[in-house]
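Remarks on the overall topology
Okay, here's what each chain looks like letter by letter:
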Amino acid sequence: MSLEIWVEKYRPKTLDEIVDREEIVARLKEFVENKTMPHLLFAGPPGTTKTTAALCLARDMLGKHFSDAFLELNASDARGIDVVRGRIKNFAEAKIPSGVPFKILVLDEADNMTSDAQQALRRTMEKYTRTCRFILICNYLGKIIEPIQSRCALFRFPPMEKKYVELMLRRIAENENVDLRDDGLEAIIEVSQGDMRKAINTLQAVAAFEKPITYDLVYDVLGKASPVEVKQMIETAYKGNFEEARRLLNSLLYEKGIAPSDIIAEAYSQILRMDGIPHEDRIKLIKALGEIDYRLVEGSSPDIQLNMFLAELYLLGRKYSV
Amino acid sequence: MCPVPWTIKYAPKRLAEVYGNDKAKEELKNWLLKGLWREKAAFLYGPPGVGKTSAAICIARDFGFFLIEFSASESRDAEVIRKKILDHVHDSTLFGKRMVLFDDVDIVFSKFDTGALPAIIEVIKSKRVPVVLTAANFYDPKLVPLRRYSYPIEFKRLSMRDIVRNLERICRLEGIECDPMALREIAKRAYGDMRSAINDLQFIAAGRRKVTVDDVKALVAYRNRELNIFETLGRFFKADSIPRAMAALTNSMVEFDLLIKWVNENVWRALNDPSDIKNVYDVLSWADIYGKRANATQAWHLMKYMMALTASVPLAARKGLKSFVRGMTFPLSVKMASLTKEKRDYLENMCRKIARKCHLSTKGAMRDIVPYLKIMLEANPKYGRKVARSLGLSSEEINFLVTGRLPREGSRRLEYR
Ligand SMILES: Nc1ncnc2c1ncn2[C@@H]1O[C@H](COP(=O)(O)OP(=O)(O)OP(=O)(O)O)[C@@H](O)[C@H]1O
Ligand SMILES: Nc1ncnc2c1ncn2[C@@H]1O[C@H](COP(=O)(O)OP(=O)(O)O)[C@@H](O)[C@H]1O
Ligand SMILES: [Mg+2]
Ligand SMILES: [Mg+2]
């Protein structure tokens, strides 16, 4: 097993190495052939090739001058207006190094820029188009102001298709001499939900055990909200023991350290499957989960919002028990 | 002529003269006499006017320590602390029997934090001199870094009896004739705060030889009291209108953000009915949402909805809340999030390195790489260490991931500011 972090080791270096994403890659290759491109905006959930595609495109486009004509910034760490007026503007307005058509600036996680900073970016993008092309990357398109969206060609990156995640995992497992069983593969695909980074990270973490990778091992290791625990929490609340359900929730959140979003995702699939629950309740619970999920995206407190979900379950369950 | 305030004139001179809080006084003595002070500072906390500062001053005097005092009203930034203490701490001839008091530590950090906190910690860690800290609240988020170096000693509100006894003593010494019922009335309104009781007595007695209940009722207003968390929640659960609930929350010594967490953690204990539980958490979740919206948009006027909705929580329960609640617990989410600032900075620094290597943000590295790295380190330390090294982490940083402990001092000075 190689001693690097696999997500980086197996990150494609050129557009040709990218798995899946055929249409996008085809268009990016046209840009390379014609030695031109508009400003680009890549949008999609985590681990879906956005950054990789931007890096590959820049490398293919800039060739051996890559390091002179390329700048990558992560807007989550450099998000203020001062960065736009400082580093970004300086890079954009500087002369084009010889041998390249323009410079390329990748602004990753651009949706974490303040809207002021985005406003400040508008002019820079226009004024220096000839010398510098921007690739903006975001998870939530809605957080990118419209004037910026309108200056870019938009590429959407949906979650990775299962068969391609499988392909990558098998390829890596073989290369690293890891005994990846079919049900282990299935488990990794299940937990990573179309997020290639998560899939590869999970594979490496589980491989560190130097045991055959099985379904159980994957769930054990991740301490992930395993279906059983979430199911137990839901049933406990529904059957009328609010206190115990809260204890289970606290244990998932604070002892096992499981991400609230994982608990919600698991609760969602449990609610769909749960037996002996009237349709109208199921509908209410799905609505409640959707609402909570959205609230968490907005930044609300997981502990408060999840308590609310338990309270809803408790109430619905108790209606029938009397 | 300006009369001496009676709070000063009649301040206790020895620990034995400090009324009430016997357990706390005992703990304080133990801390000093049994050498606990070499490990940790005594952290005296509790509501105002119950004798925290007095106890600190008295114990120094009782055992013959010269007290170096830093109060909130003077500058106590790192520079001053260094000049007054740290520079002499190893000079035992100069630095004989001294004790250091940082009074009201919670106040200083909200106004100006110029490295005072690490300097205080440095004083404690020198193990050369007993350090006493006082504050309203041990759980103040601002003071998290101090907790590890502190031995908490709680001071509670004083009983009516303790206050009345002290008032009687003062009346006797001042030659005032005082109706016992009047003293009780003053004590009641003081709500366990000796200082305000003495002040009220002096105020009423001014120009009188005799004090009656009617004088008290006419002249002494009820103060807005800062309630501790249990008092706050007790009153809050009992509230029958939004203004009352709001009053309970705003008169608390605990900050609003933290109060919501306490309510979230404990309110269900006061409820029986499932639909009440649902309604209460529904309202609370909306309060939370407005807090976050106000923050996200910087539209601070939205905060009022957060406050009003939180204050509506007790009213959302149609069948009412139990007024007596057992076993309330500290909010877990806060406990878990209270990585000290020092540790957070350290972790963040580490994640910045990882971020650069993996084309992620610092937060992204914390979320997407660190957890997996931890698993590898645990399952297969040799392998995990090599992977961590390839990401540019030092062996100290790797140890931090494994143990959660910062590298020992010496190799690394405190890096503040
Ligand atoms: N327990 C007590 N016994 C006797 N006198 C007291 C007691 N508590 C307070 N007093 C009187 O009130 C005055 C103020 O008390 P002290 O400074 O100790 O309060 P504190 O607990 O430090 O309050 P704060 O949190 O406001 O600093 C004292 O000088 C003394 O006159
Ligand atoms: N299409 C792909 N083909 C091969 N590997 C991929 C692909 N997409 C993502 N990966 C893997 O996942 C990791 C994260 O992808 P990345 O492009 O950084 O995601 P994001 O969309 O969050 O920017 C990469 O380092 C790479 O290992
Ligand atoms: Mg990315
Ligand atoms: Mg004091």
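Each value, and the rule that gives it
- Residues numbered from 1 in each chain as written.
- Chains lettered and ligands numbered in written order.
- Predicted model: local features only at pLDDT ≥ 70, side-chain atom pairs only at ≥ 80, totals over all residues.
- Heavy atoms only, no water.
- Helix = DSSP H or I, 4+ residues; strand = E, 2+ residues; numbered from the N terminus.
- Buried < 20%, exposed > 50% of the residue type's maximum accessible area, 1.4 Å probe, protein only.
- Contact = heavy atoms within 4.5 Å.
- Areas by Shrake-Rupley, 256 points an atom, 1.4 Å probe, with all protein chains shown as cover.
- Buried area = accessible area lost by both parts, 1.4 Å probe.
- Salt bridge = Lys/Arg side-chain N within 4 Å of Asp/Glu carboxyl O.
- Polar contact = N/O pair within 3.5 Å; in protein donor to acceptor, adjacent residues only side chain to side chain.
- Near = heavy atom within 4 Å.
- Nonpolar A, V, L, I, M, F, W, Y, C, P; charged D, E, K, R; others polar.
- Pairing = 2+ DSSP bridges.
- Right-handed = clockwise from strand over helix to strand, strands pointing away.
- Domains from an automatic or database assignment.
- Axes fitted to C-alpha atoms, helices over the stretch in contact; angles between N-to-C directions.
- Phe/Tyr/Trp six-rings, centres within 6.5 Å; stacked < 30°, edge-to-face > 60°.
- 1 Å grid on protein atoms, 1.4 Å probe; cavity = no way out; pocket = protein on both sides within 12 Å on 5 of 7 lines; lining within 4 Å.
- Points joined across faces, edges and corners; volume = space filled by probe spheres on them.
- Patch = residues over 30% accessible without salt bridge, like charges linked within 9 Å, V, L, I, M, F, W, Y side chains within 5 Å.

**Some details on the overall build of chain B**
Across its full length, chain B carries 22 helices and seven strands. Expressed as a percentage of the 417 residues in chain B, the buried residues total 52%. In chain B, 74% of the contacts between residues at least 6 apart in sequence involve partners at least 24 apart. When the accessible surface of chain B is totalled, it reaches about 20400 Å², and 53% of it is carbon and sulfur.

**Points about the interface of chain A and chain B**
Contacts between the two partners involve 48 residues from chain A, matched on the other side by 40 residues from chain B. Summed over both partners, the interface of chain A with chain B buries about 4000 Å², with 61% contributed by carbon and sulfur atoms. By the criterion of area lost to chain B, the three top residues of chain A are L3, Y254 and I304 of chain A, representing 15% of everything that side buries. There are five salt bridges connecting chain A and chain B. The closest approach of N and O atoms between E298 of chain A and R293 of chain B, which form a salt bridge, is 4.0 Å. Taken together, chain A and chain B are joined by 18 residue pairs in polar contact (both at pLDDT 80 or more). Elements supplying a minimum of two residues to the side of chain A that touches chain B: α1 (6-9), α3 (50-62), β2 (70-74), α10 (196-207), α11 (215-222), α13 (242-255) and α16 (302-321) of chain A.

**Section: the site of ligand 1**
All names here are of chain B. Around ligand 1 sit 18 residues in total, of which T7, Y19, K52, T53 and S54 are the nearest. Residue Y19 places a main-chain N or O atom 2.8 Å away from a nitrogen atom belonging to ligand 1. Interatomic distance of 2.6 Å between a side-chain N/O atom of T53 and an oxygen atom of ligand 1. The protein chains hide 89% of the 620 Å² of surface that ligand 1 would expose on its own. Mapped by element, the contributors of at least two residues to the shell around ligand 1 are α3 (52-62) and α10 (194-205). Along the lines of polarity and charge, the residues of the shell around ligand 1 split into nine nonpolar, six polar and three charged.

**Section: the pairing of strand β4 (residues 132-138) of chain A**
All names here are of chain A. Among the seven residues that make up β4, seven are buried, leaving the element largely enclosed by the rest of the structure. Alternating positions in β4 separate into two faces, C132, F134, L136 and C138 on one and R133, I135 and I137 on the other, with burial throughout. In the sheet, strand β3 (residues 103-108) pairs with β4 via five bridges, with the strands oriented parallel. Note on β4: the bridge partner recorded for V106 is I135. Running through helix α6 (residues 115-127), the crossover from β3 to the neighbouring parallel element β4 is right-handed.

**Structural notes on the site of ligand 2**
Residues and elements named next belong to chain A. The full set close to ligand 2 counts 18 residues, and V7, V19, K50, T51 and T52 are the nearest of them. For ligand 2, a nitrogen atom lies 2.9 Å from a polar atom in the side chain of T49. Separating an oxygen atom of ligand 2 from a side-chain N or O atom of R197 is a distance of 3.1 Å. Within the complex, 98% of the 560 Å² of free accessible area of ligand 2 lies under protein. Of all the secondary-structure elements, those providing two or more residues to the shell around ligand 2 are α3 and α10. A class-by-class count of the residues in the shell around ligand 2 yields 10 nonpolar, five polar and three charged. Looking at which domains feed residues into the shell around ligand 2, each of domain 1 (21-156) and domain 2 (162-222) supplies at least three.

**Points about the pairing of strand β3 (residues 98-102) of chain B**
All names here are of chain B. Summarising burial for β3: four of the five residues are buried, a large majority. Sheet topology places strand β2 (residues 66-70) next to β3; five bridges connect them, and they run parallel. The residue bridging L67 from the neighbouring strand is M99, located in β3. Across three bridges, β3 lies against strand β4 (residues 131-135) in parallel orientation. When the sheet's bridge partners are listed, F102 is paired in β4 with L133.

**Some words on the sheet that holds β4 of chain A**
Paired through backbone hydrogen bonds, the strands of a sheet run either parallel or antiparallel to each other. Residues and elements named next belong to chain A. Spatially, five strands are ordered β2-β3-β4-β1-β5 in an open sheet, and the strand pairing comes out parallel. What marks the edges here is a single partner per strand, and that holds for β2 and β5 (153-156). Averaged over all adjacent pairs, the angle separating strand axes in this sheet is 15 degrees, with direction ignored. Sheet contacts for helix α2 (residues 22-34): β1 (40-43) and β5; angle to β5, the most-contacted strand, approximately 150 degrees. Sheet strands touched by α3: β1, β2, β3 and β4. Its angle to β4, the strand with the most contacts, is close to 165 degrees.

**Digging into the packing of aromatic side chains**
Aromatic rings considered in pairs are described by the distance between their centres and by the relative angle of their planes. Evaluated as defined, the whole model comprises 18 aromatic pairs over all chains. Measuring from ring centre to ring centre gives 6.0 Å for F242 of chain A and Y281 of chain B, while their planes differ by 40 degrees; the resulting arrangement is tilted. Of this pair, F242 of chain A sits in helix α13 while Y281 of chain B sits in helix α15 (residues 274-297), on two different chains. On the accessibility criterion, F242 of chain A (3% relative accessible area) is buried. With a relative accessible area of 0%, Y281 of chain B lands in the buried category. For the pair F138 of chain B and Y139 of chain B, a centre-to-centre distance of 5.4 Å together with 80 degrees between the ring planes defines the contact as edge-to-face. On the basis of relative accessible area, F138 of chain B is assigned to the buried category, the value being 8%. Put simply, the rings of F31, F42, F155 and F157 of chain A touch in pairs and so form one group of aromatic residues.

**A closer look at empty space enclosed by the protein**
Scanning all chains against the criterion turns up one cavity of 30 Å³ or more. A volume near 30 Å³ is recorded for the largest cavity. Forming the walls of the largest cavity are R246, L249, N250, Y254, D303 and N307 of chain A together with N264 and E265 of chain B. If you list the elements that add at least two residues to the lining of the largest cavity, you get α13 and α16 of chain A together with α14 (256-266) of chain B.

**Structural notes on a nonpolar patch on the surface**
All names here are of chain A. On the surface, Y140, Y294 and V297 cluster together into a nonpolar patch covering about 300 Å² of accessible area. Tracing the backbone shows V297 in helix α15 (residues 279-297). Using a relative accessible area of 40% as the deciding quantity, one classes V297 as partly exposed.

**Structural notes on the environment of N74 of chain A**
Along the chain, N74 of chain A turns up in strand β2. Sequence separation between N74 of chain A and L136 of chain A is 62 residues, and the spatial gap between their C-alpha atoms is 10.0 Å. Each residue touching N74 of chain A, except ones within four places of it in the same chain, is listed here: D108 and E109 of chain A together with L360 and S361 of chain B. A distance of 3.0 Å separates the side chain of N74 of chain A from the backbone nitrogen of S76 of chain A, its partner in a polar contact.

**Side note on the pattern of salt bridges**
Residues and elements named next belong to chain B. Per the stated rule, a full pass over the model turns up 32 salt bridges over all chains. Two residues, K23 and E27, come together in a salt bridge whose shortest N-O distance is 3.7 Å. Taken as a pair, K23 and E27 lie in helix α2 (residues 22-33) at a separation of four residues, close to a single helical turn. The shortest N-O distance in the salt bridge between K188 and E185 comes to 4.0 Å. Of the two residues, K188 and E185 both sit in helix α9 (residues 180-190), three residues apart, roughly one turn of that helix.

**A closer look at the sheet that holds strand β5 (residues 150-154) of chain B**
Residue and element names in this part refer to chain B. With respect to topology, five strands assemble into an open sheet ordered β2-β3-β4-β1-β5, the strand pairing being parallel. At either margin of the open sheet sits one strand with a lone partner, and together these are β2 and β5. Within this sheet the neighbouring strands show an average axis-to-axis angle of 25 degrees, counted without direction. Here strand β1 (residues 41-45) runs beside β4; their pairing, made up of four bridges, is parallel. Bridge pairing in β4 links L44 to T134. Across the sheet, α3 touches β1, β2, β3 and β4, and the angle it forms with β3 is around 175 degrees.

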